[in-house]
Protein chains: 2
Amino acid sequence: MAQLSDSIEQFIKELMQQDAHIELRRNELAQHFGCAPSQINYVLATRFSVDHGYIIESRRGGGGYVRIVRMQTRGEPNFLETLLNRVGNSVDEETACAIISNLFERKMITRSEAGLMRAAVSRNALALPISAKDVLRAAVFRNMLVQAFKNLEEEKRDDV
Amino acid sequence: MAQLSDSIEQFIKELMQQDAHIELRRNELAQHFGCAPSQINYVLATRFSVDHGYIIESRRGGGGYVRIVRMQTRGEPNFLETLLNRVGNSVDEETACAIISNLFERKMITRSEAGLMRAAVSRNALALPISAKDVLRAAVFRNMLVQAFKNLEEEKRDDV
DNA sequence: TGTATTGACCATCTTTGACTATTATATAGC
DNA sequence: GCTATATAATAGTCAAAGATGGTCAATACA
């Protein structure tokens, strides 16, 4: 069931395989998919947020554009710390899932590991009043993030 | 006379003869049988539950779906069900870790996955009064167990 | 009495459109 | 020429509508 949003996401990701940053016309893209221009914003907001590892820049007016940049974390020594700070002591499910997708796309965790992490932070798992949920989710998620990074180190060691 | 539920069950099982996993539209199926959509949920709950060897995933909204995955019980039948029962709605850290180790020894999860699961159920992760901890841990853990088994099915699919 | 069925109400995700904001370019006034 | 203003060409925001599936309690049926 290729949803319009999914197709647009795919399309953009294919474009980005070549380059770490692309530039496009919102209206053109919308026309290409025969949809409302604001649909593009929806896709960007739900699949290309900072938590997903992308930065969006744009400009209006004549010659306007939308630029999508894949954030670099190669060799970023404080990536884990950055993520832990982002999570803080309260995080919603959407943000957590975005970060998990990000880790997967960067090949830092496997598809299965991503699944496990999502399972642990899903609203189903955390059967609590909503207010407490985000706080607890953050605690569980932080723990898993640290572990995920430990796993990476382990693997590195095994490779040697 | 075959009940509606029985017909729907049959219908789904026939679909699943080809593939161990199918995806369908709840509303379409309901319409096909001229019944209330919630009837589908009833059938899924009573005939395609985990203890019947199935895992259900779904998504709402436009392009929504219901996916049914059949677990090929290799070795012990309903191993997942056994584990879920063991966990119940309250489990201590030691027991959870024992189960995780067991899954690893059976090569049902990787070392990394085991690490992630331990991280999620550790007492550090669940910062709550002790009484509530076990209950919450059970909820998180059950969710992860189901996911771990889903992962196994996924991998099997990828192998093919 | 236990199982099956339905319907009302809820939750989630997507798509659209009206309205707004910004920028480049053309035009007018000096 | 230079500046001010209008116009056109973009993109952004937000709330409403549309498209699904979920839950649960009341009711019907076997």
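As the structure is a computational prediction, the values presented were derived from the model and not from experiment.

Draft legend 1. The arrangement of the overall build of chain A in detail. The number of helices and strands found in chain A is seven helices and three strands. When the helices and strands of chain A are read in sequence order from the N terminus, they spell out α-β-α-α-β-β-α-α-α-α. In terms of principal-axis extent, the alpha carbons of chain A reach across some 50 × 45 × 30 Å. Within the span of chain A, comprising 160 residues, buried residues form 42% of the whole. The long-range fraction of contacts in chain A, counting pairs at least 24 apart against all pairs at least 6 apart in sequence, stands at 60%. When the accessible area of chain A is evaluated, it comes to approximately 9100 Å², of which 48% is carbon and sulfur surface. Across chain A, the 21 positively charged side chains and the 21 negatively charged ones have centroids separated by 4 Å.

Draft legend 2. Highlighting the confidence of the model for chain A. Residues of chain A with pLDDT of at least 70 account for 94%, and the chain-wide mean is 89. The secondary structure element of chain A with the lowest average pLDDT is helix H7 (residues 130-159) of chain A, at 76, and the one with the highest is helix H3 (residues 37-47) of chain A, at 98.

Draft legend 3. Region of interest: the packing of helix H1 (residues 4-18) of chain A against H3(A). Residue and element names in this part refer to chain A. Following both chains from N to C, one finds H1 and H3 inclined at 70°, their axes separated by 10 Å at the closest point. When the axes of H1 and H3 are compared, the pair comes out roughly perpendicular. Counting all contacts with H1, which are made through Leu 4, Ser 5, Asp 6, Ile 8, Glu 9 and Ile 12, the residues of H3 involved are Gln 39, Ile 40, Tyr 42, Val 43, Leu 44 and Arg 47. A breakdown of the residues in the contact of H1 with H3 according to their chemical character gives seven nonpolar, two polar and three charged.

Draft legend 4. Region of the structure containing the pattern of salt bridges. Per the stated rule, a full pass over the model turns up 15 salt bridges over all chains. The shortest N-O distance in the salt bridge between A:Glu9 and A:Arg47 comes to 3.0 Å. Of this pair, A:Glu9 sits in helix H1 while A:Arg47 sits in helix H3, placing them 38 residues apart in sequence. Of the residues examined, A:Arg47 reaches a relative accessible area of 12% and is grouped as buried. Its salt-bridge partner being B:Glu57, residue B:Arg67 comes within 3.9 Å of it at the nearest N-O pair. Here B:Arg67 is found in strand S3 (residues 65-70), whereas its partner B:Glu57 is found in strand S2 (residues 54-59), with 10 residues between them in sequence. Among the residues examined, B:Arg67 registers a relative accessible area of 16% and is labelled buried.

Draft legend 5. Expanded view of the environment of B:Ile130. Looking at the element boundaries, B:Ile130 is found in helix H7 (residues 130-159). By relative accessible area, which is 68% here, B:Ile130 ends up exposed.

Draft legend 6. Examining the interface of chain B and chain A more closely. Counting residues at the interface gives 28 residues for chain B, matched by 27 residues for chain A. When the two sides are added together, the surface that chain B and chain A hide from each other amounts to roughly 2100 Å², 64% of it contributed by carbon and sulfur. Area buried by chain B at its contact with chain A is led by B:Ser112, B:Leu116 and B:Asn143, which between them contribute 25% of it. Between chain B and chain A we count zero salt bridges in total. At the boundary of chain B and chain A, one finds three residue pairs in polar contact (both at pLDDT 80 or more). Of all the secondary structure elements, the ones that give two or more residues to the side of chain B that touches chain A are helix H6 (111-121) and H7 of chain B. Examining the composition of the side of chain B that touches chain A, we find that nine residues originate from one element, H7(B), more than from any other. The class makeup of the residues in the side of chain B that touches chain A is 13 nonpolar, 10 polar and five charged.

Draft legend 7. The arrangement of the protein's contact with DNA strand C in detail. Taken together, 27 residues lie around DNA strand C, and A:Ser5, A:Tyr42, A:Arg59, B:Ser5 and B:Tyr42 are the ones closest in. Expressed as a percentage, the sugar and phosphate content of the atoms of DNA strand C within 4 Å of the protein is 64%. Taking A:Gln39, its side chain carries an N or O atom lying 2.8 Å from a phosphate oxygen of DNA strand C. Take B:Gln3: an N or O atom from its side chain is 3.1 Å from a sugar or linking oxygen of DNA strand C. Those elements giving two or more residues to the surface near DNA strand C turn out to be H1 and H3 of chain A together with helix H1 (4-18) and helix H3 (37-47) of chain B. Across the surface near DNA strand C, the residue classes break down as eight nonpolar, 12 polar and seven charged.

Definitions and cut-offs
- Sequence positions are assigned chain by chain, starting from 1 and proceeding in written order.
- Each chain takes a letter, starting from A, and each ligand takes a number, starting from 1, following the order in which they are written.
- Residues qualify for local features only when their pLDDT is at least 70, as the model is predicted, and side-chain atom pairs are given and counted only at 80 or more; totals for whole chains, interfaces and linings, by contrast, use all residues.
- The side-chain quantities take in all heavy atoms of the structure and omit both hydrogens and water.
- Where helices and strands are cited, they refer to DSSP runs of H or I of at least four residues and of E of at least two residues respectively, numbered from the N terminus.
- Each residue is placed in one exposure class: buried if its accessible area under a 1.4 Å probe, protein chains only, is under 20% of its type's maximum, exposed if it is over 50%, and partly exposed if it falls in between.
- Every residue pair with non-hydrogen atoms within 4.5 Å of one another is taken to be in contact.
- A 1.4 Å probe and the Shrake-Rupley method give the accessible areas. Residues count as covered only by the protein chains that appear here.
- Here Asp and Glu are counted as negative and Lys and Arg as positive; His is not counted, and neither are the chain ends.
- By convention, charge coordinates are those of NZ in Lys, CZ in Arg, CG in Asp, or CD in Glu.
- The predictor reports its confidence for every residue as pLDDT, a score running from 0 up to 100.
- Orientation is described by axes fitted as lines to C-alpha atoms, over the contacting stretch for helices, and by angles from 0 to 180 degrees between their N-to-C directions.
- Any angle between 65 and 115 degrees counts as roughly perpendicular, while under 35 counts as roughly parallel, over 145 as roughly antiparallel, and the rest as oblique.
- When residue character is reported, Ala, Val, Leu, Ile, Met, Phe, Trp, Tyr, Cys and Pro are called nonpolar, Asp, Glu, Lys and Arg charged, and the others, Gly included, polar.
- One side-chain nitrogen of Lys or Arg within 4 Å of one carboxyl oxygen of Asp or Glu is enough to make a salt bridge.
- The term buried area means the drop in 1.4 Å probe accessible area that two parts suffer when joined, counted for both and summed.
- Any pair of N or O atoms that falls within 3.5 Å is considered a polar contact. Within protein, one atom must be able to donate a hydrogen and the other to accept it, and sequence-neighbouring residues count only if both atoms are side-chain atoms.
- The near set for a molecule or strand comprises every residue that places at least one heavy atom within 4 Å of it.

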